[in-house]
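Chain and residue survey
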Amino acid sequence: MSVDILDLHEVLISCGKERSEDVKLYRHANHKRSVDRYGLDLEEMIRTGDLEIYQSVQRNRQLGEGLVAFFMGESGRLSRFLGVWQVTSIHDWQHDSPRAAEARDKKYLRDDGIWHELEHDARFDAFANRLIIEWPEAGRHHQWLVENGVERRRIQIREIRAIGIHRPFPGFDDVILGYGELKGLIGSDAGGWKEALSSTRGVYLITDTERGDLYVGSATGANGIWERWSNYVSSGHGGNKVMIDRVAEIVVFADNLQFSVIETLGNLASRADGIAAEVRWKKKLGKRATVLNGN
């Protein structure tokens, strides 16, 4: 079958959806709401695995039952495809199911919420976090793509990102990557990530999110932060003695690591400049910043 990859519905059909099968589109547009209410933005929810729970909770029954394709707003009306879920049933906030109980424990599901039992449909995962559309109607965060077997709108795909690239490079202040996301980035040079990180020398922070321990490092080589972080992806420890011991102790240790940039240095920064900046940040961050460094 010939597929017009510029049309959203045709791509969904190519993944196994029946042409007449109803599907609703839902867009997470207000990132501030999730931070204000739950203390996490959507990118963090994707990293922690809480996205499905988050979108299972709605203020009303607006999702209905059936297929729902979820998107996350980026700049303007550009929206990133997150995947497709089947709404199998809808309940009040006291619904008795393992996922609803987890949502209540994590404070996502409260007495003002409506619980939607979602079943993830893996047929569409090849395009999850890669496919970008322009949201068709500003101000409406849910609308039908196909309703009662009739296609209600045609939606053009603006971009299909390389595998591993969830989002365009956000600027150094907003670089916060889990180990799994970093692995995907290192395998590709799309989205501006490689260009930005390889052309910049600087100081970076690695956080063991399970224990709260920190590692402060600097990158002043020819390929900057990208080169240094690539070493961590290939080994899980980047040659760091404390991390080597932990990787041997706990097989999944690397999956607990979070990478961020805390200071950029000039392109002429020397190794001595990098070490001086490291020392300064260790003093600022205190005792925790020396645990993974081993000093």
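Right, let's get into the sheet that holds strand β13 (residues 257-265). Pairing within the open sheet is antiparallel, and its four strands lie in the order β10-β13-β11-β12. The two strands at the open ends of the sheet, each matched to only one other strand, are β10 (176-178) and β12 (214-219). Put simply, the sheet's adjacent strands are angled 25 degrees from each other on average, direction ignored. Of the strand pairs in this sheet, strand β11 (residues 201-208) and β12 are connected by six bridges, and their pairing is antiparallel. Residue Y204 lies in a different strand from β12, and its bridge partner there is G217. Here helix α6 (residues 179-186) sits on the sheet in contact with β10 and β13, set at roughly 95 degrees to β10.

Where strand β1 (residues 23-28) and strand β7 (residues 142-147) come together, four bridges link them in antiparallel fashion. The residue of β7 that forms the bridge with V23 is V146. Direction of pairing for β7 relative to strand β8 (residues 150-151): antiparallel, over a ladder of two bridges. In the sheet register, E147 faces β8, and the bridge partner there is V150. Hairpin connection from β7 to β8: two residues lie between these consecutive antiparallel strands, with N148 at a positive phi of about 55 degrees.

Turning to the pairing of strand β4 (residues 78-92), a few remarks are in order. Summarising the sheet, strand β3 (residues 66-73) and β4 pair through eight bridges and their orientation is antiparallel. Bridge assignment links A69 to a residue of β4, and that residue is V84. In sequence, β3 turns back onto β4 through a hairpin of four residues, with G76 there showing a positive phi of about 60 degrees. Relative to strand β6 (residues 131-134), β4 runs antiparallel, the two being bridged by three bridges.

As a further point, take the packing of aromatic side chains. Overall, the coordinates contain 14 aromatic pairs when judged by the stated rule. Residues Y204 and Y215 carry aromatic rings whose centres are separated by 6.2 Å and whose planes lie at 35 degrees to one another, so their mutual orientation is tilted. Taken as a pair, Y204 in strand β11 and Y215 in strand β12 lie far apart in primary sequence, 11 residues in all. We note that Y204, like Y215, is buried. Relative to F259, the ring of Y232 has its centre 5.7 Å away and its plane inclined at 65 degrees; by these criteria the two rings are edge-to-face. Of this pair, Y232 sits in helix α8 (residues 224-235) while F259 sits in strand β13; the two residues are 27 residues apart in sequence, bridging distant segments of the chain. The pair Y232 / F259 is uniform in exposure class, with both members buried.

The next thing to look at is the environment of Q55. One can find Q55 in helix α4 (residues 51-56). On the accessibility criterion, Q55 (0% relative accessible area) is buried. Taking the C-alpha atoms as reference points, Q55 and H28, separated by 27 residues in sequence, lie 8.6 Å from one another. For Q55, the contacting residues outside a window of four places in its chain are H28, L63, F70, L82, W85 and L118.

Turning to the side chain of D121, a few remarks are in order. Relative to the helices and strands, D121 is located in strand β5 (residues 114-121). If sequence neighbours within four positions are ignored, D121 has contacts with L67, V84 and W85.

Within the secondary structure, S97 sits in the loop between β4 and α5 (98-105). Judged by its relative accessible area of 11%, S97 is buried. Reaching out from S97, the side chain makes a polar contact with the side chain of E117 at a distance of 2.5 Å. Residues within four places of S97 in sequence aside, it is in contact with W115 and E117.

Conventions and cut-offs
- Residues numbered from 1 in each chain as written.
- Predicted model: local features only at pLDDT ≥ 70, side-chain atom pairs only at ≥ 80, totals over all residues.
- Heavy atoms only, no water.
- Pairing = 2+ DSSP bridges.
- Helix = DSSP H or I, 4+ residues; strand = E, 2+ residues; numbered from the N terminus.
- Axes fitted to C-alpha atoms, helices over the stretch in contact; angles between N-to-C directions.
- Contact = heavy atoms within 4.5 Å.
- Phe/Tyr/Trp six-rings, centres within 6.5 Å; stacked < 30°, edge-to-face > 60°.
- Buried < 20%, exposed > 50% of the residue type's maximum accessible area, 1.4 Å probe, protein only.
- Polar contact = N/O pair within 3.5 Å; in protein donor to acceptor, adjacent residues only side chain to side chain.

Read these as layout, nothing more, since geometry by itself doesn't imply function.
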